[in-house]
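Reading the structure
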Amino acid sequence: MVYRPVGQIAVRPYCGKIAVRVVHGMAEAPISARPHVFYVRPAPGWLDLTFAEVQKIAQTPLQKYKYEAKVSQLMGTVKVHRCDWRQGLEIMQRLTTAHDMEWLILESKAVKWDDVDAVIGRVPWDEILPGRDANVHVNADTDGGFTTSSGKIRENFCKIGKLKHVTEGADFRFKTDLRGELLRILISLAGEPLYKRGYKTNLTAVAPLTEHQATACIRYALGETPVSEIGAVYVPFAGSGTFGFEALNVIGGAGPGSFQRKFACERFPCTPAPTMGWLRRKMTETFAASASTLPPVFFNDFNNEAIDALKENVAAFPHGKFDVNEGDAFEWKPELPKEGKILALLNPPYGERLAQDSGIPELFGKLGVHMHELAKANPGRFIGVCLCPDDQSWSKFLKGLNAPTAQTHHFTHGGKEMRAVRWRS
């Protein structure tokens, strides 16, 4: 490889970017000192919303960074490039609608197996893994090119890196992606999916709504409404409480880093521990500072086991005021505040949660009428979103709701197409 001297430094290609290698025996610039590329995987069906969230986070950093991050969309993901390593850590901790955030370690041309092995050999293993005995999961993918053998790519990756691949329980999750003649090697910053916030003590629920999907629905419902205008959160089908807790996270500015979950990147030798510690404290303090202004959350569920789980989770959640009721949602009459908007978050029972399918459309039609009556009793105050599992239920709900304005967004939850109906009274 040819280096071009520039005074006492030399410049060489690195991952399609410029990396600095100081000569005369001095160390190469550390990973945390160079700009990087990250890919954010959104909640299924919410790419544009996640793109907007990443843009906002990138434009409102918690501290000043060396590089100005650029945000774009690429093949169903949100690409963050020319990003300071520390800002990448911040974005990950603040994301609420993402499944994962991956760091692009290497990207290089590969037209034969020797090229693949050479790229793998350039991975800075000792700066990423605390030890070669760590359990890793390697997801290998290829769209053709000179090979269709994703299994061999995984095998070579583990052999060259001296790694142990496991299907479950991995501490670190790599991705090798060969598209045509371009090989990319990435690793998850989070490890476990970002929707695993870590604030629940009881996860008991049938057909649970994942946290990032719930937050996407909440942000969709809010639209341009300032969170400061929300006076109450109304959740008549509470389950384990996801909708209500995530509403408080959105209003209070909390993200995965606000809670006691672990991230894979915390164990990367290249991750500055003081940065992670400062970001966690900043996130926790920001959420705590909002505690006195958070609106009350009104929970209801008809299932006593769900109520028991909900009460455990309410007791463990760090901030907020909660009213928990057990009973029929249509007979429930909570004492809602007289001021502010009411954020109604509806995830009615269907499928397994209803125990039978025959009454689903009728249930949604009845719910639409019920919400229409509540809106009449609180004119101009309701902002809502309702999840509908099929076209018939969606049609029945809209007919009963009879709202002046309503929009529908389609997304995927648990492999099932869902319809998120948002409306305002």
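To be clear, the structure that these remarks concern was listed above.
So, here's what we can say about the structure. (Residues numbered from 1 in each chain as written. Predicted model: local features only at pLDDT ≥ 70, side-chain atom pairs only at ≥ 80, totals over all residues. Heavy atoms only, no water.)

1. A look at the overall build of the protein
Helices and strands together make up the secondary structure of the protein, namely eleven helices and 18 strands. Looking at the protein as a whole, 52% of its 425 residues qualify as buried. Sequence separation of 24 or more characterises 76% of the internal contacts of the protein that already satisfy a separation of 6 or more. Looking at the protein as shown, the accessible area adds up to about 19,200 Å², and 50% of this sits on carbon and sulfur atoms. (Helix = DSSP H or I, 4+ residues; strand = E, 2+ residues; numbered from the N terminus. Buried < 20%, exposed > 50% of the residue type's maximum accessible area, 1.4 Å probe, protein only. Contact = heavy atoms within 4.5 Å. Areas by Shrake-Rupley, 256 points an atom, 1.4 Å probe, with all protein chains shown as cover.)

2. Describing helix α7 (residues 242-252)
Summarising burial for α7: eleven of the eleven residues are buried, a large majority. Residues T242, F243, G244, F245, E246, A247, L248, N249, V250, I251 and G252 constitute the buried set of α7. G253, located one to two residues past α7, shows a positive phi value of around 75°.

3. Thoughts on the sheet that holds strand β9 (residues 164-165)
Ordered in space as β5-β6-β4-β7-β11-β10-β8-β9, the eight strands form an open sheet in which the pairing is mixed. With one partner strand each, in any of the chains shown, β5 (70-74) and β9 form the two edges of the open sheet. As defined by bridge partners, strand β7 (residues 98-109) adjoins strand β11 (residues 182-188) across seven bridges and the pair is classed as antiparallel. Within β11, the residue paired with E107 across the bridge is R184. The strands touched by helix α1 (residues 47-59) are β4 (35-42), β5 and β6 (77-84); relative to β5, the strand with the most contacts, the crossing angle is about 170°. The strands touched by helix α5 (residues 150-161) are β8 (135-142), β9, β10 (172-179) and β11; relative to β8, the strand with the most contacts, the crossing angle is about 145°. (Pairing = 2+ DSSP bridges. Axes fitted to C-alpha atoms, helices over the stretch in contact; angles between N-to-C directions.)

4. What about the packing of helix α10 (residues 360-377) against helix α11 (residues 391-401)?
The contact between α10 and α11 brings their axes to 7 Å, and the two run at 25°. By the angle class used here, α10 and α11 are roughly parallel. In this structure, α10 crosses over α11, and the sense of that crossing is right-handed. Taken together, the residues of α11 that come into contact with α10 (itself represented by I360, P361, F364, G365, L367, G368, V369, M371 and H372) are Q392, S393, K396, F397, G400 and L401. (Parallel < 35°, antiparallel > 145°, perpendicular 65-115°, else oblique. Left-handed = near helix turned anticlockwise from the far one by under 90°.)

5. Overview of the nonpolar core
Ranked by size, the top nonpolar core spans 65 residues in total, and within it W46, F243, L343, L345, M371 and F397 carry the most contacts. With seven residues, helix α6 (residues 211-222) is the largest single contributor of residues to this core. If near-sequence neighbours (up to four positions away) are discounted, M371 is found in contact with Y234, A344, L346, F382, L401 and W423. Of all hydrophobic cores here, the second largest spans 55 residues; its members include L95, V123, A140 and I187. (Core = buried A, V, L, I, M, F, W, Y, C linked by side-chain atoms within 4.5 Å.)

6. A few points about the sheet that holds strand β18 (residues 416-424)
Taken in spatial order, the seven strands make up an open sheet running β14-β13-β12-β15-β16-β18-β17, and their pairing is mixed. Of all strands in the sheet, those bounded by a partner on one side alone are β14 (322-326) and β17 (405-413). Mean inter-strand twist for the sheet, computed between neighbouring axes without regard to direction, equals 15°. Of the strands in this sheet, β13 (297-301) and β14 touch helix α9 (residues 304-316), which is tilted by about 165° from β14.

7. Quick word on the environment of N300
For N300, the position within the fold is in strand β13. Exposure remark for N300: the relative accessible area of 0% places this residue in the buried category. C-alpha of N300 to C-alpha of P236: the two residues are 64 residues apart in sequence and 4.6 Å apart in space. A distance of 3.1 Å separates a polar side-chain atom of N300 from the backbone oxygen of P236. Separated by 2.7 Å, the side chains of N300 and N325 make a polar contact. (Polar contact = N/O pair within 3.5 Å; in protein donor to acceptor, adjacent residues only side chain to side chain.)

8. What to know about the pairing of β17
In this sheet, β18 lies alongside β17 in antiparallel orientation, the contact comprising nine bridges. When the sheet's bridge partners are listed, F411 is paired in β18 with M418. In textbook terms, the turn of a hairpin is the stretch between consecutive antiparallel strands, and for β17 and β18 this stretch comprises two residues, one of which, G414, has a positive phi near 60°.

9. Looking at the pairing of β10
With respect to burial, β10 is a largely interior element, six of its eight residues being buried. Here β10 pairs with β11 via six bridges, running antiparallel. Residue pairing for β11: L178 is matched across the bridge by L183. The antiparallel hairpin formed by β10 and β11 contains two residues in its connecting segment, where G180 sits at a positive phi of about 65°.

Shape descriptors only; they carry no functional weight alone.
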